[in-house]
Amino acid sequence: MGYSCRQDADTTYREWSDYCYAATGVSNSYLYKNNRYCLQIGRSQDDGAITGTVMLLINNPDIEGQYLAYNKGSFRIEPNGIATRFPTGLNDLLAGAAA
């Protein structure tokens with residue numbers, strides 16, 4: 001069983017993913033104010049929206065190349081593609097990229 005959402009919501013999430021990949025080489029990770037964040041999609045929503053968690057990634061001082069993850073909030077992309085809860089900082093970065 002796969003993930004299910006509306007096409008408009010998927011289009012918005014793909015724009016976020018494309019930005020992340022162009023900026024960091026990873027489709028669900030972005031840098032904001034010298035911090036690395038990760039987007040984790042949640043379970044499928046009955047209304048076709050996309051929801052998920054925003055995690056702050058901190059270098060693990062004990063293990064080289066691994067991160068510790070801290071929950072920093074959530075995001076929601078409505079079925080019509082409008083983001084009503086933005087990931088930390090990503091809306092600022094996308095606005096700057098569009099300018």
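In this report, we go over the structure that sits alongside the text. (Residues numbered from 1 in each chain as written. Predicted model: local features only at pLDDT ≥ 70, side-chain atom pairs only at ≥ 80, totals over all residues. Heavy atoms only, no water.)

What follows concerns the pattern of salt bridges. All chains considered together, the criterion is met by three salt bridges. A salt bridge links Arg76 to Glu78, with the nearest nitrogen and oxygen atoms 2.8 Å apart. The class for Arg76 is buried, based on a relative accessible area of 15%. You can call Glu78 buried: its relative accessible area is 19%. One network of salt bridges, in which partners are shared, links Asp47, Arg76 and Glu78. (Salt bridge = Lys/Arg side-chain N within 4 Å of Asp/Glu carboxyl O. Buried < 20%, exposed > 50% of the residue type's maximum accessible area, 1.4 Å probe, protein only.)

Before going further, it helps to examine the nonpolar core. Counting 16 residues, the largest nonpolar core has Tyr13, Trp16, Tyr30, Leu39 and Phe75 as the members making the most contacts within it. Mapped onto this core, the elements with two or more residues apiece are helix H1 (7-24), strand E1 (29-32), strand E2 (35-41), strand E3 (50-59), strand E4 (67-77) and helix H2 (90-98). Looking at this core, the element that brings in the most residues is H1, giving four residues. Setting aside residues up to four positions removed in sequence, Leu39 forms contacts with Tyr13, Trp16, Asn28, Tyr30, Thr53, Val54, Phe75, Pro87 and Leu90. (Core = buried A, V, L, I, M, F, W, Y, C linked by side-chain atoms within 4.5 Å. Helix = DSSP H or I, 4+ residues; strand = E, 2+ residues; numbered from the N terminus. Contact = heavy atoms within 4.5 Å.)

For sheets, the rule is that strands pair by backbone hydrogen bonds, running either parallel or antiparallel. Strand order in this open sheet of five strands is E1-E2-E3-E4-E5, and the pairing throughout is antiparallel. Edge positions in the open sheet fall to E1 and strand E5 (83-85), since each of these has one partner strand only. Pairs of neighbouring strands in the sheet enclose a mean axial angle of 35°, with direction left out of account. Pairing analysis gives two bridges linking E4 to E5, with the strands arranged antiparallel. The partner of Arg76 across the bridge, within E5, is Arg85. Packed onto the sheet, H1 meets E1, E2, E3, E4 and E5 and runs at close to 145° relative to E4. (Pairing = 2+ DSSP bridges. Axes fitted to C-alpha atoms, helices over the stretch in contact; angles between N-to-C directions.)

This brings us to the state of the cysteines. Covalently bonding the sulfur atom of one cysteine to the sulfur atom of another cysteine gives a disulfide. Tallied over the full model, the rule gives zero disulfides. As a non-bridged cysteine, Cys5 has Cys20 as the owner of its nearest cysteine sulfur, 16 Å distant. Given a relative accessible area of 0%, Cys20 falls into the buried group. (Disulfide = S-S within 2.5 Å.)

This brings us to the packing of aromatic side chains. Applying the stated criterion across every chain, the model contains five aromatic pairs. Between Tyr30 and Tyr37 the ring centres are 5.4 Å apart and the planes differ by 20°, which places this aromatic pair in the stacked class. Each member of the pair, Tyr30 together with Tyr37, is buried. A network of ring pairs unites the aromatic residues Tyr13, Trp16, Phe75 and Phe86 as a single cluster. (Phe/Tyr/Trp six-rings, centres within 6.5 Å; stacked < 30°, edge-to-face > 60°.)

Of note, Lys33 is a non-glycine position whose phi angle comes to about 50°, a positive value. Mapping Lys33 onto the fold places it in the loop between E1 and E2. Residue classification places Lys33 among the exposed residues on the basis of a relative accessible area of 64%. Positioned with a positive phi, Asn34 is a non-glycine residue whose angle comes to about 65°. Tracing the backbone through its elements, the reader meets Asn34 in the loop between E1 and E2.

So yeah, pure geometry; function would need other evidence.
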